[in-house]
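This is what each chain is made of:
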Amino acid sequence: MSWIPAPVSRFFHRTSSPPYFYALADRFIPWLTVIFLVLLGAGLYGGLYLAPTDYQQGDSYRIIYIHVPAAWMSLFIYVLMAVMGGIALIWRMKLAEVMLISSAPIGAGFTFVALVTGSLWGKPMWGTWWVWDARLTSELILLFLYLGVISLYGAIEEKRAAARAVSILALVGVVNIPIIHYSVQWWNTLHQGPTVSKMDKPSIHVSMLVPLLLMAVAFKFYYLIAVLQAAKLELLKRETSSQWVKALLEKQT
Amino acid sequence: MPIVQAFWALIRRDLLLAFRRRAEMANPLFFFVLVVTLFPLAVGAQPNLLRAMAPGVIWVSALLAALLSLDGLFRSDFDDGSLEQMLLSPQPLSILVLGKIIAHWLVTGLPLLLVAPLLAVFLGLPEQAMGTLWLTLILATPLLSLIGAIGVALTVGLRRGGMLLSLLVLPLYVPVLIFASGAVDRAASGLPVDAQLNILLAMLLSALVLVPLPTAAALKMSVN
């Protein structure tokens, strides 16, 4: 790996050592929290107060400021988990395993939020809580994929072997992600087509789009905070008997 | 032993083993027939309703039958230690795994082809859809064995992997189910089905190439 500059590779090597990562996460979390709160405040203010009422859907469209970022996150985290899985399998990096398994419950949570908010929005708009449409169903399948990852990890005693199994599963399951993403184009069903990611010109007004993007970034920061906290806990659990954990405990008591 | 010879030897061994336990071999088939017969009892025996539901009913039942038979794919080899021997053998594990999957399909997937038309007649599936039903079964039941093999390989080391297996494998079966039952459904109403069949074929070919790799990796992890 000589083509990677030395400082960069040193950074990665150091970050992947558990005690260093633990300290780094501790240092970053307050800053991330501040950024998250600012973005969340701005996004919610813009979305719920400044943005105009939709001419067709009235005020109930505003749920997209939660629903759409959560749905994006649900896909994003799964892809991220697959990447972590690849890293964990190829380079046997402990930290990638920890990040992978810490991401799973968060991703499942976002998927659940996307499903629930979608259902709440569907009742006034489509007149039904649930339809078996391609996107809804594939989002539900995504939830099951997350649950499969979580329960497979729970079922295997030896945690390093469990992480390897989960990595394989995450990599295999990632084939479902494009199916979910393109479901709106492939099947012509009830869920509306994409409005934001159309390359040429988003068919959503700027005053609505900006808060949506703010919320999306805020959710990314929320994920970072949550995954760092979860990874810290997972590291402590895995390395109970190691020197740095003992030192940490002594310092705190 | 050259790799091709090892591959055929493994298939022959698995088929022989299955043939010695004929009763077990028939179980997934009976299960398939039973599940299909439960539907008219549960939803009511109106011919129109059954005709509309036939593709879905047959495909869901095939899926469940495949799921039921999956556990046997590596279980007995794992229990008696021959799986470890396969891991230790100089042949690449992914080729051996492919052999085992093919043998599994010949034993559990192929018989479904013989019963499915009979059940389709029971459910009143229109005659023009029969060919498509066969084609989807030929293309997609190997897919079920292939995808399922990953799940089995991941859970074979666990004492109670059965429930977990269905949680892992069924979400991955969903695309197969959608395209296969969709094709039969379209054929029943006289529409062209080339797109669905092509997608199934593409999925089958890519699974044939890709699936043995994660399965072999998962087996190595499980046996460890």
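Residues numbered from 1 in each chain as written. Chains lettered and ligands numbered in written order. Predicted model: local features only at pLDDT ≥ 70, side-chain atom pairs only at ≥ 80, totals over all residues. Heavy atoms only, no water.

Another point: the overall build of chain A. Within chain A, the regular secondary structure consists of nine helices and zero strands. Reading chain A from its N terminus to its C terminus gives the helix and strand order α-α-α-α-α-α-α-α-α. A burial count over chain A gives 46% of its 253 residues as buried. Of the contacts made within chain A by residues no fewer than 6 positions apart, 75% connect residues no fewer than 24 positions apart. Carbon and sulfur atoms make up 69% of the accessible area of chain A, which amounts to about 13500 Å² in all. (Helix = DSSP H or I, 4+ residues; strand = E, 2+ residues; numbered from the N terminus. Buried < 20%, exposed > 50% of the residue type's maximum accessible area, 1.4 Å probe, protein only. Contact = heavy atoms within 4.5 Å. Areas by Shrake-Rupley, 256 points an atom, 1.4 Å probe, with all protein chains shown as cover.)

The subject of this paragraph is the overall build of chain B. A count of helices and strands for chain B gives 10 helices and zero strands. Written out in order from the N terminus, the α and β elements of chain B read α-α-α-α-α-α-α-α-α-α. Dimensions along the principal axes, computed over C-alpha positions, put chain B at roughly 55 × 35 × 30 Å. Counting every position in chain B, which comprises 224 residues, the buried fraction comes to 52%. Considering only residue pairs separated by 6 or more positions, chain B has 81% of its internal contacts joining residues 24 or more positions apart. When the accessible surface of chain B is split by element, carbon and sulfur atoms take 69% of a total near 10400 Å². Taken together, the 12 basic and 10 acidic charged side chains of chain B have centroids lying 4 Å from each other. (Lys, Arg positive; Asp, Glu negative; His and termini not counted. Charge placed at Lys NZ, Arg CZ, Asp CG, Glu CD.)

Inspection of every chain in the model, using the stated rule, returns 10 salt bridges over all chains. With its nearest N and O atoms 3.5 Å apart, the salt bridge here joins Lys-94 of chain A to Glu-239 of chain A. Taken together, the residues Lys-94 of chain A in helix 4 (residues 94-126) and Glu-239 of chain A in the loop between helix 8 (206-238) and helix 9 (243-252) connect sequence positions 145 residues apart. Relative accessible area serves as the criterion here: at 36%, Lys-94 of chain A is assigned to the partly exposed category. The shortest N-O distance in the salt bridge between Asp-14 of chain B and Lys-100 of chain B comes to 2.8 Å. With a gap of 86 residues between them, Asp-14 of chain B in helix 1 (residues 3-20) and Lys-100 of chain B in helix 6 (residues 93-123) connect regions that are remote in the sequence. For the residue pair Asp-14 of chain B and Lys-100 of chain B, the accessibility class agrees, reading buried in each case. (Salt bridge = Lys/Arg side-chain N within 4 Å of Asp/Glu carboxyl O.)

Time to look at helix 7 (residues 130-155) of chain B. Look at helix 7 of chain B: 36 Å from first C-alpha to last across 26 residues, which is about the 38 Å you get at 1.5 Å a residue. In terms of burial, helix 7 of chain B is largely enclosed, as 22 of its 26 residues are buried. (Expected span 1.5 Å × (residues − 1).)

The next thing to look at is the packing of aromatic side chains. Residue and element names in this part refer to chain A. In this structure the tally under the stated criterion is six aromatic pairs over all chains. Centre to centre, the rings of Phe-110 and Tyr-222 are 6.0 Å apart; their planes meet at 90 degrees, and the pair counts as edge-to-face. One end of the pair, Phe-110, is in helix 4; the other, Tyr-222, is in helix 8, and 112 residues separate them in sequence. Exposure remark for Phe-110: the relative accessible area of 6% places this residue in the buried category. Since its relative accessible area comes to 38%, Tyr-222 is described here as partly exposed. Members of the aromatic cluster, each reached through a chain of ring pairs, are Phe-36, Phe-110, Phe-219 and Tyr-222. (Phe/Tyr/Trp six-rings, centres within 6.5 Å; stacked < 30°, edge-to-face > 60°.)

This brings us to the confidence of the model for chain A. Per-chain confidence: chain A averages 82 in pLDDT, with 87% of residues scoring 70 or above. Put simply, helix 7 (residues 176-186) of chain A is where chain A has its lowest mean pLDDT, 67, and helix 3 (residues 64-91) of chain A is where it has its highest, 90. (pLDDT = per-residue confidence, 0-100.)

Now for the packing of helix 6 of chain B against helix 10 (residues 212-223) of chain B. Residue and element names in this part refer to chain B. Across the interface, helix 6 lies against helix 10 with an axial gap of 8 Å and an inter-helix angle of 105 degrees. Taken together, the axis directions place helix 6 and helix 10 in an arrangement best described as roughly perpendicular. Facing helix 6, whose interface residues are Leu-93, Ser-94, Val-97 and Leu-98, helix 10 presents Pro-212, Leu-213, Thr-215, Ala-216, Leu-219 and Lys-220. (Axes fitted to C-alpha atoms, helices over the stretch in contact; angles between N-to-C directions. Parallel < 35°, antiparallel > 145°, perpendicular 65-115°, else oblique.)

Moving on: the packing of helix 4 of chain A against helix 6 (residues 159-173) of chain A. All names here are of chain A. At a minimum axis separation of 10 Å, helix 4 and helix 6 run at an interaxial angle of 65 degrees. It follows from the interaxial angle that helix 4 and helix 6 lie roughly perpendicular. You can see that helix 4 and helix 6 cross each other, and the crossing is left-handed. The residues of helix 6 that touch helix 4, namely those facing Lys-94, Glu-97, Leu-100 and Ile-101, are Arg-160, Ala-163, Val-166, Ser-167 and Ala-170. Classifying every residue of the contact of helix 4 with helix 6 gives five nonpolar, one polar and three charged. (Left-handed = near helix turned anticlockwise from the far one by under 90°. Nonpolar A, V, L, I, M, F, W, Y, C, P; charged D, E, K, R; others polar.)

Another point: the nonpolar core. Soluble globular proteins: nonpolar side chains tend toward being buried together. In terms of nonpolar packing, the biggest core is built from 142 residues, with Tyr-78 and Leu-152 of chain A together with Phe-32, Trp-59, Phe-74, Leu-133 and Leu-154 of chain B touching the most fellow members. Take this core: its biggest share by element is 14 residues, from helix 7 of chain B. With residues up to four places along the chain from it excluded, the contact list for Tyr-78 of chain A reads Leu-142, Leu-145, Tyr-146, Val-149, Leu-169, Ala-170, Gly-173, Val-174 and Ile-177 of chain A. (Core = buried A, V, L, I, M, F, W, Y, C linked by side-chain atoms within 4.5 Å.)

Tallying the contact residues gives 18 residues for chain B and 19 residues for chain A. Buried area between chain B and chain A, both sides added, is near 1500 Å², and the carbon and sulfur share of it is 86%. Among the residues chain B hides against chain A, the three largest losses belong to Leu-154, Leu-172 and Met-221 of chain B. Together they make up 31% of the total. Our count for the chain B to chain A interface comes out at zero salt bridges. Counting every contact that joins chain B to chain A gives zero residue pairs in polar contact (both at pLDDT 80 or more). Take the side of chain B that touches chain A: its biggest share by element is nine residues, from helix 8 (residues 162-188) of chain B. (Buried area = accessible area lost by both parts, 1.4 Å probe. Polar contact = N/O pair within 3.5 Å; in protein donor to acceptor, adjacent residues only side chain to side chain.)

Residue and element names in this part refer to chain B. Mapped onto the elements, Pro-40 comes out in helix 2 (residues 22-43). As a C-alpha pair, Pro-40 and Ala-9 span 31 residues in sequence and 43 Å in three-dimensional space. For Pro-40, the contacting residues outside a window of four places in its chain are Ala-45, Leu-50 and Leu-123.

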